[in-house]
Amino acid sequence: MAAQWLLLLLLVLAAGGGVVQVHGQLDNLGFISIDCGLPENAAGYVDSGTKLRFTSDAGFINSGTNHNMSAEYITPSMSRSWHNVRSFAVGARHCYTLRSFVAGLKYLIRATFMYGNYDGLNIAPVFDLHLGVNYWTTVNISDANTPEIYEVIAVVPDDSAQVCLVNTGSGTPFISSLSLRPFKDGLYPMANAAQGLVLVSRVNFGPSDGVVVRFPDDPHDRIWMPLSKPTEWSEISTMKKVHNMNADSFEAPSAVMQTAITPINATSPIEFSWDAQPNVNDPSPGYICVLHLSELQILSGNAVRQFYITVNGQFWDPRGFTPQYLYTNAAYNTDPNHQFHQYNVSLNATANSTLPPILNALEVFSVLSTNGITTAPSDVSAMTAVRDKYQLVKDWMGDPCLPKNFAWKGLGCSYAVSSPAIVTGLNLSSSGLSGNMSPFFGSLKGLQYLDLSRNNLTGTIPNNLSQLAALTLM
């Protein structure tokens, strides 16, 4: 199921019909969209498909180099955002910092990648994506001509978020675009401060015209891929608006819910499946499945549509489901399933039902832990201020202390099991520092040693630095 959805997605996106759209600043929708690799002095542009605006990524990252995709992979119908990339040949971790967030708000974050042999090496890389300090996914580029799309729904705890590309030794990381869409707090309640939702599949069942539904038909700019199987499923559709419930947890768009499938053989179930994808970072992945349901026909007389939903033979609700006419309903598991190698979902009519089951749309997510320990926020602020004041072009990106193997060069950190890391040492000798000594050094309350030798600093030592009780060597 997931493989077929992904194939359809890639074919449509490569043709330009559903490419991720991005804006570099918050617009009046709260959207942020970034064309990675667009030159800093290049004007932004409006995508012809969604009418959403792209801007350069220059204000979000200060490392990497811009490249154009090889001309042989560019087609007239290809959306412009695929034409260039930003790549990172030097260093282990490179992070985009996205600001102006509302702390605690839920966001959809989408990253896209198309190699296009931009470096002339014809070597498709494999690398990791991190959301802050948390592992998000492994980007596995299959070939030069296939776009890859990765998406997560997560709560951002601060007023900024960082998306990091991590070199794992299997090729140079790169990125084509990065986009963020704000969600209402009540949407996708399974995404919370402790876990995010990584997209596996998002399917619009029924339409055979190949049209991808996204913004503006979906105000949240989710990408809904069409899927039909004429030999197995009959399509049901309506031109009438399908309404969301009050306090709807998903707000599936009417354009998606207006089509549905039922089995051609009325006594047959609707079935689909996906395979678990364990990895080193998550050897036992958990999955959330959301079925979007709405009755699209006026049922006459004693007609009844009621069905059971089972996952690997286990009932979600032994009472069965009866979708409401022209209103969105959703059936989903609130706790992730972990125990299976393959997940088989079946919709079977109950004994009382006179009609076969119906299914309008589907989303499948794997669960991402987002409760990784970070550096103390005050230390992050202080180190960021020091970096920016002295314009230090180092590998100082992402969280200063974590993950441990990506701690900023020259930092010493103290780590506890369940509390934030703190900066205890800072060696900036021979770093070309000039001007006065930043008072933000004194904001590192756990600092024990500070080496600023062989620089061109002038002026007096800030008062707050002399008040650091733990500082023993300077």
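Cut-off values and rules
- Residues numbered from 1 in each chain as written.
- Predicted model: local features only at pLDDT ≥ 70, side-chain atom pairs only at ≥ 80, totals over all residues.
- Heavy atoms only, no water.
- Helix = DSSP H or I, 4+ residues; strand = E, 2+ residues; numbered from the N terminus.
- Buried < 20%, exposed > 50% of the residue type's maximum accessible area, 1.4 Å probe, protein only.
- Contact = heavy atoms within 4.5 Å.
- Areas by Shrake-Rupley, 256 points an atom, 1.4 Å probe, with all protein chains shown as cover.
- Lys, Arg positive; Asp, Glu negative; His and termini not counted.
- Charge placed at Lys NZ, Arg CZ, Asp CG, Glu CD.
- Pairing = 2+ DSSP bridges.
- Axes fitted to C-alpha atoms, helices over the stretch in contact; angles between N-to-C directions.
- Salt bridge = Lys/Arg side-chain N within 4 Å of Asp/Glu carboxyl O.
- Disulfide = S-S within 2.5 Å.
- Phe/Tyr/Trp six-rings, centres within 6.5 Å; stacked < 30°, edge-to-face > 60°.
- Core = buried A, V, L, I, M, F, W, Y, C linked by side-chain atoms within 4.5 Å.
- Expected span 1.5 Å × (residues − 1).
- pLDDT = per-residue confidence, 0-100.

Undergrad: What's the story with the overall build of the chain in this structure? I'm lost.
TA: Looking only at helices and strands, one finds 4 helices and 29 strands in the chain. Sorting the 474 residues of the chain into buried and exposed places 52% on the buried side. In the chain, the share of contacts with a sequence separation of at least 24, taken over all contacts with a separation of at least 6, comes to 72%. Accessible surface, the chain: about 20,400 Å² in total, of which carbon and sulfur atoms supply 51%. When the 25 positive and 34 negative side-chain charges of the chain are each reduced to one mean point, those points stand 7 Å apart.

Undergrad: What should I look at first to understand the environment of Asn456 in this one?
TA: Mapped onto the elements of the fold, Asn456 is located in strand E29 (residues 456–458). A residue is classified by how much of its surface remains accessible, and Asn456, at 56% relative accessible area, is exposed. In sequence terms Asn456 and Trp224 are 232 residues apart; their C-alpha atoms lie 57 Å from each other. In this structure Asn456 touches Leu433, Ser434 and Gly435, once residues within four positions along its chain are discounted.

Undergrad: Can you walk me through the sheet that holds strand E6 (residues 93–98) in this structure?
TA: Through backbone hydrogen bonds, the strands of a sheet pair up, either in parallel or in antiparallel fashion. Strand order in this open sheet of 4 strands is E6-E11-E8-E9, and the pairing throughout is antiparallel. Because the sheet does not close on itself, it has two edges, and the strands there are E6 and strand E9 (134–140). Taken over all neighbouring pairs, the strand axes of this sheet differ in orientation by 20° on average, direction set aside. Pairing of strand E8 (residues 126–131) with E9, which is carried by 6 bridges, proceeds in the antiparallel orientation. Bridge assignment links Leu129 to a residue of E9, and that residue is Thr137.

Undergrad: Please explain the pattern of salt bridges as it appears in this structure.
TA: Opposite charge on two side chains allows them to pair when their charged atoms are near. The tally for this structure, following the rule as stated, stands at 12 salt bridges. Taking the shortest distance from any N to any O, the salt bridge between Asp221 and Arg181 comes out at 2.9 Å. A residue pair is termed long-range when its members are at least 10 positions apart, and Asp221 in the loop between strand E14 (195–205) and strand E15 (225–227) and Arg181 in strand E13 (residues 177–183) qualify at 40 residues. The same class applies to Asp221 as to Arg181, namely buried. Between Arg319 and Asp317 there is a salt bridge whose closest N-O contact spans 2.8 Å. We classify Arg319 as exposed; its relative accessible area is 64%.

Undergrad: I would appreciate a short explanation of the state of the cysteines in the present structure.
TA: Disulfides are covalent bonds that connect the sulfur atoms of two cysteines. This model, assessed by the stated rule, comprises 2 disulfides. Listing the disulfide partners of the chain by sequence rank of the bonded cysteines yields 1-2, 3-4.

Undergrad: Quick question: what am I supposed to make of the pairing of E9 here?
TA: Remember that side chains alternate between the two faces of the sheet whenever the strand is regular. The element E9 is largely enclosed, with a buried count of 5 among its 7 residues. Adjacent in sequence and paired antiparallel, E8 and E9 are bridged by 2 residues, among which Gly132 carries a positive phi angle near 65°.

Undergrad: Looking at this structure, how should I read the pairing of strand E18 (residues 270–275)?
TA: Residues Ile270, Phe272 and Trp274 line the buried face of E18, whereas the alternating positions Glu271, Ser273 and Asp275 sit on a face that is not buried. Where E18 and strand E23 (residues 342–349) come together, 6 bridges link them in antiparallel fashion. Paired with Trp274 across the bridge in E23 is Tyr343.

Undergrad: Whenever I open this one, the sheet that holds strand E26 (residues 422–427) confuses me. Can you help?
TA: Here 3 strands make up an open sheet; going across it, the order is E25-E26-E28 and the pairing mixed. Among the strands making up the open sheet, the edge pair consists of strand E25 (411–414) and strand E28 (449–451). Going across the sheet, the axis of each strand differs from the next one's by a mean of 25°, ignoring polarity. Alignment of E26 against E28, held across 3 bridges, turns out to be parallel. In the strand pairing of E28, Asn427 is matched with Asp451.

Undergrad: Help me understand the packing of aromatic side chains in this model?
TA: For any pair of aromatic rings, the description consists of the separation of the ring centres together with the inter-plane angle of the planes. With the rule as written, the count across this model stands at 22 aromatic pairs. Judged by centre distance (6.1 Å) and plane angle (85°), the ring pair of Phe113 and Phe174 falls under edge-to-face. On the criterion of sequence distance, the pair formed by Phe113 in strand E7 (residues 105–113) and Phe174 in strand E12 (residues 174–175) is long-range, its members being 61 residues apart. An identical accessibility class is assigned to Phe113 and Phe174; each is buried.

Undergrad: Is there a simple way to think about the nonpolar core in this case?
TA: Soluble, globular proteins show a tendency: their nonpolar side chains are buried together. If you look at the biggest cluster of nonpolar residues, it comprises 42 residues, and the most contacted ones within it are Phe113 and Leu178. It is strand E10 (residues 148–156) that contributes the most residues to this core, 5 residues altogether. Ranked by size, the runner-up nonpolar core spans 32 residues in total, among them Ala260, Tyr287, Phe307 and Val311.

Undergrad: Whenever I open this one, the side chain of Asp218 confuses me. Can you help?
TA: By secondary structure assignment, the location of Asp218 is in the loop between E14 and E15. Sequence-distant contacts of Asp218, defined by excluding residues within four places in its chain, comprise Trp224 and Pro253.

Undergrad: It is not clear to me how helix H3 (residues 377–389) should be interpreted in this structure. Could you clarify?
TA: Along its 13 residues, H3 runs 18 Å from first to last C-alpha, staying within 8% of the 18 Å computed at 1.5 Å per residue. Taken residue by residue, H3 has Asp379, Ala382, Met383, Ala385, Val386 and Arg387 as its buried positions. For H3, the secondary structure elements touched by its buried residues are E25 and E26. Of the residues flanking the end of H3, it is Gln391, one or two places downstream, whose phi is positive at about 50°.

Undergrad: Quick question: what am I supposed to make of the confidence of the model for the chain here?
TA: Low pLDDT means the predicted coordinates in that region are not meant to be read closely. When pLDDT is averaged along the chain, the result is 91; 94% of the residues meet or exceed 70. For the stretch residues 1–25, pLDDT sits under 50, and the model shows 94 contacts to residues farther than four places along the chain or on other chains.

Undergrad: How should I be thinking about unusual backbone geometry in this particular structure?
TA: Leave glycine aside and you will find that most residues have negative phi; peptide bonds, for their part, are mostly trans. A cis geometry characterises the amide bond from Phe215 onward to Pro216, with omega recorded as 5°. Take Pro216: it is sitting in the loop between E14 and E15. Cis geometry is found at the peptide bond from Leu402 to Pro403, where omega equals -15°. Look at Arg454: it is not a glycine, yet its phi comes out positive at around 60°. Here Arg454 is to be found in the loop between E28 and E29. The exposed category is assigned to Arg454, whose relative accessible area is 62%.

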